[in-house]
Amino acid sequence: MPAYHFHALPERDAPPVKVILFSDVAAARIALGAQFPSGCDVWQGARYVGRFHRGGDEPPEPRQGQRS
């Protein structure tokens, strides 16, 4: 099983959390969990899996020129 590294945002200086997991889906579940309230970047060795963060309760503001 591969090792995934979770780098908490915005705490760039904190050491990553290392977890052995079966898949990217399992890594996403951890990344979106309570352990990373501000989100995190996920790596599997040298492969960048992605940046994960939970959305807020309010919808985003419409951009200029977009209708709501």
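For clarity, every value in this text was computed on a predicted model and none was experimentally measured. (Residues numbered from 1 in each chain as written. Predicted model: local features only at pLDDT ≥ 70, side-chain atom pairs only at ≥ 80, totals over all residues. Heavy atoms only, no water.)

Looking only at helices and strands, the protein chain has one helix and four strands in total. Along the protein chain, from the amino end to the carboxyl end, the secondary structure elements read β-β-α-β-β. Burial analysis of the protein chain (68 residues in total) assigns 24% to the buried set. In the protein chain, once contacts between residues fewer than 6 apart in sequence are set aside, the share between residues at least 24 apart is 38%. (Helix = DSSP H or I, 4+ residues; strand = E, 2+ residues; numbered from the N terminus. Buried < 20%, exposed > 50% of the residue type's maximum accessible area, 1.4 Å probe, protein only. Contact = heavy atoms within 4.5 Å.)

Okay, the sheet that holds strand β4 (residues 47-52) next. With respect to topology, four strands assemble into an open sheet ordered β2-β1-β3-β4, the strand pairing being antiparallel. Of all the strands in the sheet, just β2 (17-20) and β4 have a single pairing partner and so form its edges. Across the sheet, the axes of successive neighbouring strands diverge by a mean angle of 25°, strand direction being ignored. Where strand β1 (residues 3-8) lies against β2, four bridges are found, and the strand directions are antiparallel. Counterpart to A3 in the pairing with β2 is I20. Contacts from helix α1 (residues 24-31) reach β1, β2, β3 (40-44) and β4 within the one sheet, and its direction differs from that of β1 by about 25°. (Pairing = 2+ DSSP bridges. Axes fitted to C-alpha atoms, helices over the stretch in contact; angles between N-to-C directions.)

For the rest of this paragraph, the subject is the pattern of salt bridges. Any two side chains of opposite charge can pair if their charged atoms end up close together. Tallying each qualifying case throughout the model produces two salt bridges. Measuring nitrogen to oxygen at the nearest pair gives 2.7 Å for the salt bridge that ties D24 to R47. Of this pair, D24 sits in helix α1 while R47 sits in strand β4, and the two are 23 residues apart along the sequence. Judged by its relative accessible area of 31%, D24 falls in the partly exposed class. Note that D41 is salt-bridged to R51, the shortest N-O span being 2.7 Å. Placement of the pair is D41 in strand β3 and R51 in strand β4, with a sequence separation of ten residues. (Salt bridge = Lys/Arg side-chain N within 4 Å of Asp/Glu carboxyl O.)

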